[in-house]
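Analysis of the macromolecular model
Below are the chains, spelled out letter by letter.
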Amino acid sequence: MTEKACKNILVRGVNWIGDAVMTMPALRGIKHSHPDSKITLLVKPWVSPLFEKDPNIDEIILYQDGYKSITGKLRLADRLRENNFCMALLFQNAFDAAFIAVLAGIRERIGYSRDGRRILLTKPVPFDDNAKRLHHVKYYLNLVDKAGFASKGSLPWIYMTLDERLEARDKLKDLKRPVIAMNPGATYGSSKRWSPERFAEVAVRVINEMDGSVVILGGPSETGIADEIFKKVEDMKFGNSEGEKKNEKKSELLIFSASQLLNLSGKTSLRELAALISECDVLVTNDSGPMHIGYAVGTPIVAIFGSTSPELTGPVGKGDIVIRKELDCSPCFERECKKGDLRCMDLITAEEVFLSVKKIVSSKGAVFFDRDGTLCRDMNYLNKMENLEIFPEITSLAGLKDKGFALIGISNQSGIARGLVDENFVKQVNNIFMNRHGFDGFYYCPHHPDEYCSCRKPEPGLLLEARVDHNIDLKRSFIVGDKETDMLLAKAVGAKGILVRTGELKFSLNADFIADDLKVAIDFIMG
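In what follows, the accompanying structure is described. (Residues numbered from 1 in each chain as written. Predicted model: local features only at pLDDT ≥ 70, side-chain atom pairs only at ≥ 80, totals over all residues. Heavy atoms only, no water.)

Moving on to the overall build of the protein chain. Looking only at helices and strands, the protein chain features 22 helices and 18 strands. Relative to the 2.2 N^0.38 estimate, which gives 24 Å for 527 residues, the radius of gyration of the protein chain is 25 Å and therefore close to what a compact globule would have. Viewed in the frame of its principal axes, the protein chain has a C-alpha envelope of about 75 × 70 × 40 Å. When each of the 527 residues of the protein chain is scored for burial, the buried share is 55%. Contacts spanning at least 24 positions in sequence make up 66% of the contacts within the protein chain whose residues lie at least 6 apart. (Helix = DSSP H or I, 4+ residues; strand = E, 2+ residues; numbered from the N terminus. Rg over C-alpha atoms; globule rule 2.2 N^0.38 Å. Buried < 20%, exposed > 50% of the residue type's maximum accessible area, 1.4 Å probe, protein only. Contact = heavy atoms within 4.5 Å.)

A separate point is the layout of surface pockets. By volume, the largest pocket is sized at about 1,400 Å³. Lining the largest pocket are 48 residues, and of these Trp16, Ile17, Gly18, Asp19 and Lys192 sit closest to its centre. At the level of elements, helix 1 (17–22), helix 5 (129–133), helix 6 (136–146), helix 12 (270–279), helix 13 (289–296) and helix 14 (310–313) are the ones that each hand at least two residues to the lining of the largest pocket. Sorting elements by how many residues they give to the lining of the largest pocket places helix 1 first, with four residues. Here the lining of the largest pocket is composed, by residue class, of 20 nonpolar, 19 polar and nine charged. (1 Å grid on protein atoms, 1.4 Å probe; cavity = no way out; pocket = protein on both sides within 12 Å on 5 of 7 lines; lining within 4 Å. Points joined across faces, edges and corners; volume = space filled by probe spheres on them. Nonpolar A, V, L, I, M, F, W, Y, C, P; charged D, E, K, R; others polar.)

In this section: the sheet that holds strand 4 (residues 87–90). Across the sheet, which stays open at both edges, the six strands sit in the order 3-2-1-4-5-6 with parallel pairing between neighbours. Of all strands in the sheet, those with a lone pairing partner are strand 3 (59–62) and strand 6 (123–126), marking the two edges. Geometrically, the sheet is characterised by an average inter-axis angle of 20° between neighbouring strands, direction not taken into account. The pairing of strand 2 (residues 38–43) with strand 3 spans four bridges and is parallel. Opposite Val43, over in strand 3, you have Leu62 as the bridge partner. (Pairing = 2+ DSSP bridges. Axes fitted to C-alpha atoms, helices over the stretch in contact; angles between N-to-C directions.)

As a further point, take the nonpolar core. Counting 61 residues, the largest nonpolar core has Leu50, Phe91 and Ile293 as its most contacted members. Among all residues touching Leu50, those that are not within four sequence positions of it are Ile17, Ala20, Val21, Met24, Ile158, Leu270, Arg271 and Ile293. Grouped together as the second largest cluster of nonpolar side chains are 35 residues, Val204, Met210, Ile304 and Ile323 included. (Core = buried A, V, L, I, M, F, W, Y, C linked by side-chain atoms within 4.5 Å.)

This next bit is on the sheet that holds strand 16 (residues 478–481). The strand order 15-14-13-16-17-18 describes an open sheet built from six strands, whose pairing is parallel. With partners counted over all chains shown, the strands left at the sheet margins are strand 15 (441–445) and strand 18 (513–515), one partner each. Going across the sheet, the axis of each strand differs from the next one's by a mean of 20°, ignoring polarity. Examined bridge by bridge, strand 17 (residues 496–500) and strand 18 share three bridges and lie parallel to one another. Bridge pairing links Val500 to Ala515 in strand 18. Contacts from helix 21 (residues 484–493) reach strand 14 (406–412), strand 16 and strand 17, with the element oriented near 170° to strand 16.

Next up on the list: the pairing of strand 17. Among the five residues that make up strand 17, four are buried, leaving the element largely enclosed by the rest of the structure. Where strand 16 and strand 17 come together, four bridges link them in parallel fashion. From the neighbouring strand, Ile479 faces strand 17, where its bridge partner is Gly497. After leaving strand 16, the chain enters helix 21 and then returns to the sheet as strand 17, a path that is right-handed. (Right-handed = clockwise from strand over helix to strand, strands pointing away.)

Counted under the stated rule, the structure contains 31 salt bridges. The closest approach of N and O atoms between Glu209 and Arg205, which form a salt bridge, is 2.7 Å. One end of the pair, Glu209, and the other, Arg205, are both in helix 8 (residues 196–209), four residues apart, so they sit about a helical turn from each other. You can call Glu209 partly exposed: its relative accessible area is 47%. When salt bridges that share partners are traced, they join Asp370, Asp378, Lys457, Asp482, Lys483 and Asp486 into one network. (Salt bridge = Lys/Arg side-chain N within 4 Å of Asp/Glu carboxyl O.)

Next up on the list: the side chain of Asp320. Here Asp320 lies in the loop between helix 14 and strand 12 (321–323). The side chain of Asp320 is buried and forms no salt bridge, while Arg467, the nearest opposite charge, is found at 8.0 Å. A polar atom in the side chain of Asp320 sits 3.1 Å from the backbone nitrogen of Ile301. Residue contacts for Asp320: discarding those within four places in its chain leaves Tyr295, Thr299, Pro300, Ile301 and Pro315. (Lys, Arg positive; Asp, Glu negative; His and termini not counted. Polar contact = N/O pair within 3.5 Å; in protein donor to acceptor, adjacent residues only side chain to side chain.)

Before going further, it helps to spend a moment on empty space enclosed by the protein. In total, this model carries three cavities of 30 Å³ or more according to the counting rule given. Estimated volume of the largest cavity: approximately 150 Å³. Lining the largest cavity we find 19 residues, and of these Ser278, Arg467, Leu474, Lys475 and Val493 sit closest to its centre. Listed by contribution, the elements that provide at least two residues to the lining of the largest cavity are helix 12, helix 20 (461–470) and helix 21. A class-by-class count of the residues in the lining of the largest cavity yields eight nonpolar, four polar and seven charged. Of the voids in this model, the second largest cavity is the one considered here, and its volume is about 50 Å³. If you trace the second largest cavity, you find it lined by Leu10, Arg12, Leu42, Tyr63, Ala88, Leu90, Ala97, Ile100 and Ala101. Those elements giving two or more residues to the lining of the second largest cavity turn out to be strand 1 (8–12), strand 4 and helix 4 (95–103). The dominant element in the lining of the second largest cavity, judged by the number of residues it contributes, is helix 4, at three residues.

Taking burial as the measure, the six residues of strand 2 include five buried ones, the bulk of the element. Relative to strand 2, strand 1 is paired through five bridges, and the arrangement is parallel. What sits directly across from Leu10, in strand 2, is Thr40.

Below is the structure:
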């Protein structure tokens, strides 16, 4: 069933944006277990952009609206049959997913035994009480595990290009920091939506008390809610005066709106939305698709829950905050409140949401250092203590601590996955820098490049983890390294990149400054 001989696997994806994000670790598990197999994802068009740059997916087939009818399903089945899939793994729970796999003649069909489709599955995975209690990230991983794939647990991650990040950064460049994103919509129904008035109250406090800015996000169907919040923020900021008094405020209002309030609801594609969220300091959101996008791009989240359960669909990012009220009727999972009062949402105050935002906004600058080739000589997989040669210029780091910078080490250590370096040895070396040279933390990626993890530079996973642990504002930080991946990492997060010529690389167009050694780099930062 899951023999390596199966080289052509179809995955039937789910239909909702949030659910699609939660399947990402399972997809990665399939590819990790079957690296030589072709993985094809069958998914709805509005979900597919999430996977466009995902290296774990080899092909995407769109489930178009034209496939809804019986004749449409037959056409889809014919198309799938041409691909000669040897296995179909069904993330979608519907009967339809299994039915199409049968029509397509796919020999092995694996999915949860639910929605009356057990007879259509060659390996039905029990939808038992344990499966029902799982967070949906683990729910899909459980399916993959039960199917026989040797998956590794990981968090969802949306792969983005540097150009996408830079374009989003450019759109927000005129806003004061911190930039707080607000997602007031929720497609599921009103029982998942906090009131626009409360969002507006939080926005005004971000502007007045934090001297920050707010960007309102959402889909085309949520522009009305966003416009309502935008207007309420204006009214709260300047009063709701009439006539000439209101006109007198017009020029002031325009200045205020341009520098501290931006409404982009309905004006972005799905990938543009993801990139914009990744550039914000915090996302305040209902339980919705953008909430899941938020933690999948590493942005700290304040999530507001009403009728649904954070235990099942809550944010899974490190340090994310969930605000909910424990009521007898919650979670009810209803789209609309049957009691007509929506107390689970109304009891959540703007005060507690604003205080949560303040709690997770990062404020401290840091200097991130690559290890081999930057802090010590690159021995091409350092694996013996006698080969550790720390550069003498490391003594200059003390001045950075005096300036208030956190010192953080970040290192790719694929030698662990390759079997060339013992992981405990890596920890011992990193501890030397922490115990003897004042580093506040040292993070490393142990994965092989072919695993396409979020923590291998230039992907920013290590920095995003350090941001939460040490309250780091990445836009006020520096990255010092001897490789192009370090400079690309700096570009990805909006930090300043400093190339040190103590490794093989002597020049980089992506570097903000080039230093001959560690001391010159530190002097530049101090200056």
